[in-house]
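Coordinate inspection notes
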Amino acid sequence: MPREAAPAAAAVTATTRVFVVSDLHTDYPENMEWVRQLPAEVGARRGEDGVTDALVVAGDVAETRDNFARTMEVLRERFGAVFYVPGNHDLWLRREGGRYMDSLEKLTALLDACSELGVDTGPRTIGDLGIVPLFSWYHKSFDKEKDVNSVRVPSLDMACKDFHACKWPEDLGNDDEDLALYFDKLNDKNHDAIEEVKNNSKQILTFSHFVPRQELCPEKRMLYYPYLPKVIGSDFLERRLRAIHSNRKDGTACHVFGHTHFCWDSVVDEIRYVQAPLAYPRERKRRMNGGEGWLPFCVYRDGFNPEIYPALWSDYYNKNKREPENTQLAPWVARHFAKYHKFI
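This text gives an overview of the structure that appears in the document. (Residues numbered from 1 in each chain as written. Predicted model: local features only at pLDDT ≥ 70, side-chain atom pairs only at ≥ 80, totals over all residues. Heavy atoms only, no water.)

As a further point, take helix H11 (residues 312-319). Of the residues making up H11, those classed as buried are Trp313, Ser314 and Tyr317. Taken down its axis, H11 places every buried residue within 95° of arc, on the same side. Away from the buried face of H11 by more than 90 degrees, exposed residues Leu312 and Lys319 are located. (Buried < 20%, exposed > 50% of the residue type's maximum accessible area, 1.4 Å probe, protein only. Helix = DSSP H or I, 4+ residues; strand = E, 2+ residues; numbered from the N terminus. Arc of directions from axis to C-beta.)

Below, the structure written as structure tokens:
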């Protein structure tokens, strides 16, 4: 059974529970096996006696459409409701054998698969909780902190496979804000549904794949790839979720994200931000919150769990001030570059 942060006694009377996870990457056999081994009793809570278990999947399910469908089918069997937004890996084309003209066509295919499987990609209310998926993409101008220039690292188009594994129409590209704006505007079609959720929900959970604020990623001096903040987030996303959560009382607004594979749980400007990634098998040995047993994370049980869950980086920034002007490499990063890369 997935671990829950709130007291166990409350589970007996809970009528709505919402679990969150991101970055399943089930192209890895170990990750697909993790999905298949999720306890069936979670899925048994499909409206029986008024009880609903929902799962929020914040993108990067699988690289191929077929693996995506297999994964979502298993999840749909285990949860009363499953919500999804696309991640960058979901839109890769390199293993699709020419099946799609571009990544937008594949996006349509994934959304069609969700519709067939009963997976929600639009807003709706479960119990007293409104759940709002937000489409997004990243843009370089999201990064507003000082660059680390003391080390030589691969360029973005060399290090980020999206630039080669995705394909876009000629008027869209990863090198400016056009793609991020395109994905943000996809949310406009849900305007009426979002307003209905806002009017009929006591609390709201929004979620995206990409990062809405740079403070939700470690500083560049802490990263093995200091250019990472240029390919992780969207200012448009933050503005949109803030508009949705406007006028919410303290403790009633939460946003779930993914993409960077850093576990996170913190409150910034009255909104709680959570990342609960399954991530790559090799990463779970060094980045996760004590292994895999805490996933999927139960963030809501007839109300958001009030406890901030322990996570390495958000714990660090909950206690230490961010220093974006400091470009001195963290000791472990300096050792990494001394061993594998060249200093300028």
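Still to come is the rest of the account.
Let us look at the sheet that holds strand S1 (residues 16-21). Picture the strands of a sheet paired through backbone hydrogen bonds; they go either parallel or antiparallel. Pairing within the open sheet is mixed, and its four strands lie in the order S3-S2-S1-S10. In the strand order of this sheet, the two ends are held by strand S3 (81-84) and strand S10 (297-301), each with one partner. The sheet shows a mean angle of 25° between the axes of neighbouring strands, taken without regard to direction. Relative to S10, S1 runs antiparallel, the two sharing four bridges. Paired with arginine 17 across the strands is arginine 301, a residue of S10. The strands touched by helix H3 (residues 65-78) within the sheet are strand S2 (52-57) and S3, with S3 carrying the most contacts at an inclination of about 145°. (Pairing = 2+ DSSP bridges. Axes fitted to C-alpha atoms, helices over the stretch in contact; angles between N-to-C directions. Contact = heavy atoms within 4.5 Å.)

Overall, the coordinates contain 26 salt bridges when judged by the stated rule. We note a salt bridge from glutamate 96 to arginine 99, for which the minimum N-O separation is 3.8 Å. What makes glutamate 96 buried here is its relative accessible area of 9%. Linked through salt bridges whose partners overlap, the residues forming this network are Arg65, Asp66, Glu96, Arg99 and Lys106. (Salt bridge = Lys/Arg side-chain N within 4 Å of Asp/Glu carboxyl O.)

Attention now goes to the pairing of S2. Strand residues, when the strand is regular, have side chains that alternate between the two faces of the sheet. Counted residue by residue, S2 has six buried out of six residues, so it is predominantly covered. Direction of pairing for S1 relative to S2: parallel, over a ladder of six bridges. When the bridges of S2 are listed, phenylalanine 19 appears paired with leucine 55. Sheet topology places S2 next to S3; four bridges connect them, and they run parallel. Each bridged residue has a counterpart across the sheet, and for alanine 54 the counterpart in S3 is alanine 81.

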